[in-house]
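Summary of structural features
Here's the letter readout for the chains.
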Amino acid sequence: MNVIRIMRKLNQISKRFVNTEAKCRDRPQWIKPMGHPTEVSVYNPITKCKVPLILKTRNILKWYICGPTVYDSAHIGHATTYIKSDIIRRILSDYFNIDVLLVMGITDIDDKIIRRSIESGQNFETLVRHFETEFFADMNKLNIREPYLHCRVTDYIPQIIQFIERLIAKDDGYIASDGSVYFNTSKYNKYGKLSTLVLNTVNDQNFIGKKSALDFALWKAAKENEPSWKSPWGYGRPGWHIECSAIASTVFGNSIDIHSGGIDLAFPHHENEEAQSCCYHDIDQWVNYWLHCGHLCLKGDVKMSKSLKNTISIQDYLKNYSANNLRMLCLLSHYRNGIEFSDEVMQTAVSVTKKLDNFINDCDNYVAGKFKTGEIDENLLYTTLHDTRSKVYSALTDDFDTSKAMHAIINLVGIGNKMLHQDNVTSRSNNVSVVAAVSNYLSNTLSKFGISRSTKSTVENKQIEDIINHFLNFRTIVRIKALEQNPKNTILLKECDNVRKCLSTCGITVKDQQNDTSWSWKQ
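Residues numbered from 1 in each chain as written. Predicted model: local features only at pLDDT ≥ 70, side-chain atom pairs only at ≥ 80, totals over all residues. Heavy atoms only, no water.

**Topic: a nonpolar patch on the surface**
As a reminder, the rule being used: Candidates for patches are residues over 30% relative accessible area with no salt bridge; among them, like charges are joined within 9 Å and nonpolar side chains (Val, Leu, Ile, Met, Phe, Trp, Tyr) within 5 Å. Reported accessibility uses the Shrake-Rupley method at a 1.4 Å probe radius. Residues are deemed covered only where the shown protein chains occlude them. Salt bridge criterion: a side-chain nitrogen from Lys or Arg within 4 Å of a carboxyl oxygen from Asp or Glu. The numbering of helices and of strands both runs from the N terminus, where a helix is a DSSP run of H or I of at least 4 residues and a strand a run of E of at least 2.
Residues Leu101, Tyr148, Leu149 and Val251 make up a contiguous nonpolar surface patch of roughly 330 Å² in combined accessible area. Locating Leu149 in the fold gives a position in strand β5 (residues 149-152).

**Quick word on the packing of helix α2 (residues 76-95) against helix α9 (residues 323-331)**
Under the convention used in this document: Orientation is described by axes fitted as lines to C-alpha atoms, over the contacting stretch for helices, and by angles from 0 to 180 degrees between their N-to-C directions. Oblique is the label for any angle not under 35 degrees, not over 145, and not in the 65 to 115 range, which are roughly parallel, roughly antiparallel and roughly perpendicular in turn. Throughout, a contact is declared for two residues whenever any of their heavy atoms are within 4.5 Å.
Two elements in contact, α2 and α9, have axes separated by 10 Å at closest approach and are oriented at 70°. In terms of their interaxial angle, α2 and α9 are classed as roughly perpendicular. Here α2 contributes Ile76, Ala79, Thr80, Ile83, Lys84, Asp86, Ile87 and Arg90 to the contact with α9, which in turn contributes Leu326, Arg327, Cys330 and Leu331.

**A look at the nonpolar core**
We count it as follows: Buried Ala, Val, Leu, Ile, Met, Phe, Trp, Tyr and Cys residues form a nonpolar core when they are joined through side-chain atoms within 4.5 Å. Any residue under 20% of the maximum accessible area for its type is buried, any over 50% is exposed, and the rest in between are partly exposed; the area is computed with a 1.4 Å probe on protein chains only. The source of the domain bounds is an automatic or database domain assignment.
Among the nonpolar cores identified, the biggest contains 129 residues, and Leu61, Trp63, Tyr64, Leu92, Leu142, Leu442 and Phe449 are the most heavily contacted of them. Two domains each donate at least three residues to this core, and these are domain 1 (46-169 + 242-293) and domain 2 (329-449). Apart from residues no more than four positions distant in its own chain, Trp63 is found in contact with Ser85, Ile88, Arg89, Leu92, Val100, Leu101, Leu102, Val103, Phe252, Ile258 and Ser260. The next biggest cluster of nonpolar side chains, apart from the first, holds seven residues, and it includes Leu472, Leu503, Val510 and Trp521.

**Focus on the sheet that holds strand β14 (residues 339-341)**
Sheet strands associate in pairs through backbone hydrogen bonding, adopting either a parallel or an antiparallel arrangement. Where we set the bar: Pairing between strands is defined by DSSP: at least two bridges between them are needed.
Strands sit in the order β13-β12-β14 across an open sheet of three strands; the sheet is mixed. In this open sheet, the two strands that pair with only one neighbour each are β13 (302-303) and β14. Of the pairings in the sheet, the one linking strand β12 (residues 296-298) to β13 comprises two bridges and is antiparallel in character. Among the inter-strand pairings, Leu298 is bridged to a residue of β13, identified as Val302.

**A word on the pattern of salt bridges**
Taken as a whole and judged by the stated rule, the model has 27 salt bridges. Note that Arg145 and Asp94 form a salt bridge whose closest N and O atoms lie 2.7 Å from each other. With a gap of 51 residues between them, Arg145 in the loop between α4 (124-141) and β5 and Asp94 in helix α2 connect regions that are remote in the sequence. Asp94 sits in the partly exposed class, given a relative accessible area of 25%. As a salt-bridge pair, Asp512 and Arg500 come within 3.9 Å of each other at their nearest N and O atoms. Of this pair, Asp512 sits in strand β15 (residues 508-513) while Arg500 is found in helix α16 (residues 490-505), placing the two residues twelve residues apart along the sequence. Several salt bridges share partner residues, and in doing so they unite Arg166, Lys170, Asp171, Asp172, Lys187 and Asp282 into one network.

Laid out in structure tokens, this is it:
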């Protein structure tokens, strides 16, 4: 009897492998868009390789990004996905001069929102507006550009209903006995574009009321005391996947250049979006390029999630680190790669951020004549700058590889720093122009990545800078006189050090070089 059961099981497994092999062989192919080539290639999760980025409209890129479900505060796991997307957006717009139209969907009705509303005793609309406002405030603190348009699901209910009506009319959707509406995956023979699926639903008990376990809700029938909207099938609310399809189709129509989100959205969310949208528009490809960002995890590859209660809110993060530090963490890794978050990893990002900022400040002080030491090899520095520019361009065209770009930039800084800080060498050659060129290139490039430099020098009253300059000139005279005495006047030197420490607590970095002093605002 056991042998018979084993044989039956092996037979089922064999059939499953045969079916899977056939499905993989017949997997839908990516269709190369017709249009206008760019300088960029991007990774394609359908072809599993990099492909050229081609835009339907010259120099216009239509991009839809899945936004937050606003039932709670955002955490840094969410933040890194939006920072990575913001970096790519800035590269496309600021580096390659492409007009990016970014539309973000805001999920302001779903199971989690309803549950949180009941638990808190708040009206769901009051709840979601609070967390939506907080979300955009957090994004602003992280220097993430606002989308061209952000669209709430509840503002698009008529469009969602019309979308579902069309799918039902085409037999791509069906109404269940309870008034819910489901997408009929068996009617769509290209299902599985973004994921290799084993479509084995035998003995699956999770699809009661549906024709297949893979069928997903387009419309959820209303339950008691839940928010609902009137539809031809009765009161209810949208399913998760239909929201983005209806919103993006309303704004962009039957073709989107880029659709992005976290890697966890590839299946089922993006898979289902593509399926229902292709059926609605009668096309074979709705999204031309899918971009998926790697997750932020904790040590030991533990996912950061609210259900595990191991999240770090953006507000809590900003108590210890800066927005630039988190962005640098993202820049040092490829956007498709996961990132492990820990204090040790963050210290690397902090160190690189400080290194770049200090170098640019030193360059600016050198150009202003406040930096008297160093020996600048003009030819070598110009050559390194040219090579860096070329490597950064090549890295960014290659699937937005900011990790390679940053390594080239860090190498340039290392060579420049060595020249600026030649020990006990008083600068004999001026070579201001090459130092200015390096500083200008670095400032512009980092700005295009979204690294914000201190704006105090342009925002604060100019009189404050004059006061600091006068005060530090006085301190420099005192310090030089103390050093010239024999023996050195340690009391005055100690007071000079105390002044430097006090100014540091006020956000001012003071650097002493032999007989001169320079200063800059802290990041």
